[in-house]
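Structure at a glance
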Amino acid sequence: MMTKDGRPSRINDLRYFFGPEEHSGYLTGCEEAVAYGRRMAMFLNGEGFSMGPYPALYLLLNPSMDPGEVVVTDYGGDWWQRYTHVAVPADLPGLSNATEIVMDATVAALRAIRPDLDVVVKAADRVVREHGKSLRFLMRTQTTKRYLIEKSFSIGVWERVLRPQLAQHPSYIFTSLTDLSTGEFLDGPAQPHPFDHYSAFMFNKPVRVSEIEARLSSFVSRERPPTSKLVKPRG
């Protein structure tokens, strides 16, 4: 899978837990924040952001810590993930600004893990907050004589507690074209997918030019949407 031998690996997942360390569980009731974390992980993936050999960051939002405290650890349940503890209020899930608190805690943790990439983390945070569910994550490019073909995906907001297989705002797979002679951007019909963000890579298969040409009439000219650099599920 990833780099179990210890070589650097790009971040590809960010999950939230809440509660004192010995009684923590998945963060619930803050689905917008959970989506933000997934988007941050994928956007930083495109920037080549690495935490070392492990690609998954587990953030423990810990109400028993002192305000503003961040503790970066080198332990986790498996080789591919590590925990970082961040102080949050004890009544976090019920607060009106809970999403903002979790986002700020995420940035604080990432900056503590990679202080040398402070500028990269802050820039990613601005992009992800501004564009949210409209942000796309580029997973494939192909070039023909006429077009640059791109496949990308978005990350929707999931209802983890009720029905985790369905999204409140679905995630989508996109196939887009850029006309190399005119620069025109053409967007194909968005395809919803009922999986988590990592499973979007199941759809990352080469695009047949003949298939594109057969359904070219369904592509719509528009401004290019905000899109990450090329993301990778491994390595």
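The structure under discussion appears in the preceding block.
Below is a short write-up of the structure. Every value quoted in this text rests on a predicted model; they were computed, and no experiment measured them. (Residues numbered from 1 in each chain as written. Predicted model: local features only at pLDDT ≥ 70, side-chain atom pairs only at ≥ 80, totals over all residues. Heavy atoms only, no water.)

**Here we look at the nonpolar core**
One finds Tyr16, Leu61, Leu92 and Phe153 to be the most contacted residues of the largest nonpolar core, which totals 44 residues. Contributions of two or more residues to this core are made by β1 (13-18), α1 (31-46), β3 (56-62), α2 (98-113), α3 (118-131) and β6 (137-143). If you look at the next biggest cluster of nonpolar residues, it comprises seven residues, including Ile149, Leu177, Val207 and Ile212. (Core = buried A, V, L, I, M, F, W, Y, C linked by side-chain atoms within 4.5 Å. Buried < 20%, exposed > 50% of the residue type's maximum accessible area, 1.4 Å probe, protein only. Helix = DSSP H or I, 4+ residues; strand = E, 2+ residues; numbered from the N terminus.)

**Considerations on the packing of aromatic side chains**
Between two aromatic rings, the relevant description is the distance of the centres plus the angle of the planes. Enumeration over the complete set of coordinates arrives at nine aromatic pairs. Here the aromatic rings of Tyr75 and Tyr83 are separated by 5.7 Å at their centres, their planes lie at 35°, and the arrangement is tilted. Grouping aromatic residues by their ring pairs yields a cluster made of Phe17, Tyr26, Tyr58, Tyr75, Trp80 and Tyr83. Positioned over the ring face of Phe49 is Arg114, at 6.0 Å from the centre of the ring. The residue whose ring lies beneath Arg136 is Phe174, and the NZ or CZ to ring-centre distance is 3.6 Å. (Phe/Tyr/Trp six-rings, centres within 6.5 Å; stacked < 30°, edge-to-face > 60°. Lys NZ or Arg CZ within 6 Å of the ring centre and 35° of its normal.)

**Some thoughts on the pattern of salt bridges**
Once their charged atoms are close, side chains differing in charge can pair, the charge on each being opposite to the other. Within the structure shown, the criterion is met by 13 salt bridges. Residue Asp187 pairs with Arg136 through a salt bridge whose shortest N-O separation is 2.6 Å. Taken together, the residues Asp187 in strand β11 (residues 185-187) and Arg136 in the loop between α3 and β6 connect sequence positions 51 residues apart. Per residue, the accessibility class of Asp187 equals that of Arg136, and both read buried. Bridged by salt links that share partners, the residues Glu100, Asp104, Asp125 and Arg129 form one connected network. (Salt bridge = Lys/Arg side-chain N within 4 Å of Asp/Glu carboxyl O.)

**Notes on the side chain of Ser176**
Here Ser176 shows up in strand β10 (residues 171-179). Residue classification places Ser176 among the buried positions, given a relative accessible area of 2%. At a separation of 2.6 Å, a polar atom in the side chain of Ser176 contacts the side chain of Asp187. (Polar contact = N/O pair within 3.5 Å; in protein donor to acceptor, adjacent residues only side chain to side chain.)

**Concerning the sheet that holds β1**
Spatially, five strands are ordered β2-β1-β3-β5-β4 in an open sheet, and the strand pairing comes out mixed. The open sheet is flanked by β2 (25-26) and β4 (70-72), the only strands paired with a single partner. Where β1 and β3 come together, six bridges link them in parallel fashion. Bridge pairing in β3 places Asp13 opposite Ala56. (Pairing = 2+ DSSP bridges.)

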